[in-house]
Amino acid sequence: MTDTQTAPSAEGTETAELVEHWIDGAPASGDSDRTGPVYNPALGVVQRRVRFASTEDVDVAVEAAARAFPAWRDASIAKRQQVMFRFRELLASRTDELAAILTAEHGKVTADALGEIARGLEVVELACAMPAYTKGEYSENVSTGIDVYSLRQPLGVVGIISPFNFPAMVPLWFFPLAIATGNTVVLKPSEKDPSAAVWLARLFQEAGLPDGVLNVVHGDKVAVDALLEHPTVRSISFVGSTPIARYIYATATANGKRVQALGGAKNHMLVLPDADLDLAADAAVNAGFGSAGERCMAISAVVAVDAIADELVEKISERMGRLTTGDGTRGCDMGPLITREHRDKVAGYLDVAGEDGASVVVDGRDPEVDGAPDGFWMGPTLIDKVPTSSAVYRDEIFGPVLSVVRVDGYEEGLDLINASRYGNGTAIFTNDGGAARRFQREVTVGMVGINVPIPVPVAYHSFGGWKDSLFGDAKAYGPRGFDFFTQEKAITSRWLDPSHGGLNLGFPQHD
Ligand code: NAD
């Protein structure tokens, strides 16, 4: 059986490829007839359809993962590392293939797709270093003749649920560490761009991963709920919007699971009067419009101090005029949005801006496009003087819309950022080291950039926001990632010695 079968297209007139689940090392159709559309957003057409798993289909995947667990857990560290190194080599040598899948289903431009893969690859490299992160601890002779040591052991079957905006990188934040530490995985990628996950699972098999260690089930809430409720699934790693992250955290913890649940964002960039305004304008444009603003670490609100706000807005809008929007395969700067519905929702914020008294500096609703007329296009948009009461400011728009909010100085800017319900990323642009240092101490956000607009930590530091951008306290990858996918066991050991023995019912003390 191949990865894809054919099925009637959305219109029912032609046949479209059907993206299958990947269970126990092979494509699987499952028993559900439900499917969803997978668009090519640059063309605006359904290019394939994807299976939506039933609860029973998820059971089959979890059972496959559970069957694979004992042998994978018991595989030596050396063996697991060898497979991981081979996966790393294969992935590094085939990035173009994966980038093409990302561009075709998500729409992001090729250069950005390659960047996404590079950041995912970093985590695979981190996973190769698993032995150094999971060594455990040893204390000799804590009491006479007694040693105490702690081990980190895998959890078992772990679930991963990922969003549409990074169809390769976000799954790669989790499954390499989960697998390196001896767990087996059921991954439920976004139904909007599902093919990358299956491609990665197939590649891992080619690298020597035993069947059943990495399974992929596609679908919607039915599949997610089946994972959240399945008694065999020990943990859930989720990335997506805040309302769903909150739901995942509440439901999975209520079912006794370990959970990491990363949510949405509204990232601010504070520009002080002493900043290099050219650098700040470049950064705002790159971080605001890269991936058409569909990044959880995108800058969506520039907080400009009054003294330099006019000049900064002018520099930003001048740069925006140089951006090209179009088909991701044609060397444009920015691709389409993920669906027509999402594109229309994003465009609707321009009406809101008008009603709320903001001033639209650049209107991206009718962009000049290097691409097909039916693509889900929205050009770069800049809205100045956005009131903080406006939904344009408050909502995570998740599109190429950059708001400018003006403040009278550092204090007002900091208060604004700290009042946000989100706390994923933020940045300060300044040449004043003292101001930057104060900002890093005082801001209530999990990832902070100092003259760096998208402060996504490298793989060996953990990733995660504060407030409504992360539920619970478990961050992704880095040292916290290894902690998440392992459970600690402490062993107190005494080898028989003739001096030991005798009765003592008191609580153990040391001598
Ligand atoms: P989403 O919340 O709609 O979907 C995420 C996942 O949850 C998908 O797999 C989806 O199938 C599933 N899902 C959707 N609705 C569900 C429901 N009602 N019940 C159960 N499961 C459900 O998010 P999205 O639109 O795919 O991704 C964009 C969002 O993800 C943005 O809010 C973005 O900020 C966020 N995001 C956050 C980070 C981060 O690190 N904090 C990273 C990437 C994306």
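Since this is a predicted model, take the numbers as computed values, not measurements. (Residues numbered from 1 in each chain as written. Predicted model: local features only at pLDDT ≥ 70, side-chain atom pairs only at ≥ 80, totals over all residues.)

A. Main features of the sheet that holds strand 17 (residues 359-362). Read across the sheet, 7 strands follow the order 17-19-20-15-14-22-23 without closing on themselves; strand pairing throughout is mixed. Pairing within the sheet leaves two strands with one partner each, and these edge strands are strand 17 and strand 23 (447-450). Shown here is a sheet whose adjacent strand axes are inclined to one another by a mean of 20°, direction ignored. Sheet topology places strand 15 (residues 299-305) next to strand 20 (residues 401-407); 5 bridges connect them, and they run parallel. (Pairing = 2+ DSSP bridges. Helix = DSSP H or I, 4+ residues; strand = E, 2+ residues; numbered from the N terminus. Axes fitted to C-alpha atoms, helices over the stretch in contact; angles between N-to-C directions.)

B. Here's a closer look at unusual backbone geometry. The residue N141 is not glycine, and still its phi comes out positive at about 55°. Of note, the phi angle at N451 is positive, near 60°, even though the residue is not glycine.

C. Spatial organisation of the UniProt feature "domain: Aldehyde dehydrogenase" (unreviewed entry) in the protein chain. Under the feature "domain: Aldehyde dehydrogenase" (unreviewed entry), the UniProt entry names residues 32-491. Measuring from the first to the last C-alpha atom of residues 32-491 gives 47 Å, for a span that is 42% helix and 23% strand. (UniProt positions renumbered as here; feature names shortened; annotations may be inferred.)

D. Focus on the sheet that holds strand 26 (residues 486-494). One open sheet holds the 3 strands; their spatial order is 7-8-26, and the pairing between them is antiparallel. Since the sheet does not close on itself, it has two edges, and those belong to strand 7 (137-143) and strand 26, each with one partner. Taken over all neighbouring pairs, the strand axes of this sheet differ in orientation by 25° on average, direction set aside. Where strand 8 (residues 146-154) and strand 26 come together, 9 bridges link them in antiparallel fashion.

E. Quick look at the pairing of strand 10 (residues 184-188). When you tally the buried positions in strand 10, you get 5 out of 5 residues, the bulk of the element. Alternating residues of strand 10 divide into T184, V186 and K188 and V185 and L187, and every residue in both groups is buried. Where strand 9 (residues 157-161) meets strand 10, 5 bridges bridge the pair, whose relative direction is parallel. The residue of strand 10 that forms the bridge with V157 is T184. The parallel pair strand 9 and strand 10, bridged by helix 6 (residues 169-180), forms a crossover whose chirality is right-handed. (Buried ≥ 20, exposed ≤ 12 C-beta atoms within 10 Å, placed from the backbone. Right-handed = clockwise from strand over helix to strand, strands pointing away.)

F. Local environment of the packing of helix 2 (residues 77-93) against helix 4 (residues 110-128). In the contact formed by helix 2 and helix 4, the axes pass within 9 Å of each other and the chain directions differ by 160°. By the criterion of interaxial angle, the relationship of helix 2 to helix 4 is roughly antiparallel. Crossing handedness for the pair helix 2 and helix 4: left-handed. Two secondary-structure elements touch here, helix 2 through Q81, M84, F85, F87, R88, L91 and A92 and helix 4 through L121, V124, E125, A127 and C128. Of the residues assigned to the contact of helix 2 with helix 4, the class counts are 9 nonpolar, 1 polar and 2 charged. (Parallel < 35°, antiparallel > 145°, perpendicular 65-115°, else oblique. Left-handed = near helix turned anticlockwise from the far one by under 90°. Contact = placed C-beta atoms within 7 Å. Nonpolar A, V, L, I, M, F, W, Y, C, P; charged D, E, K, R; others polar.)

G. Examining the environment of R494 more closely. Counting through the fold element by element, R494 comes out in strand 26. Considered as a pair, R494 and I146 are 348 residues apart in the sequence and their alpha carbons are 4.8 Å apart. Once residues lying within four places of it in the same chain are set aside, the contact partners of R494 are G145, I146 and H500.

H. Structural detail: the pairing of strand 14 (residues 267-271). Of all 5 residues that make up strand 14, 5 are buried, and the element is covered over most of its length. By the alternation rule, side chains of strand 14 split into N267, M269 and V271 and H268 and L270, which are all buried. Alignment of strand 14 against strand 15, held across 5 bridges, turns out to be parallel. Counterpart to M269 in the pairing with strand 15 is V302. Taken together, strand 14, helix 10 (residues 277-289) and strand 15 constitute a β-α-β crossover, and its handedness is right-handed. The pairing of strand 14 with strand 22 (residues 425-429) spans 4 bridges and is classified as parallel. Across the sheet, the residue bridging to M269 is A427, located in strand 22.

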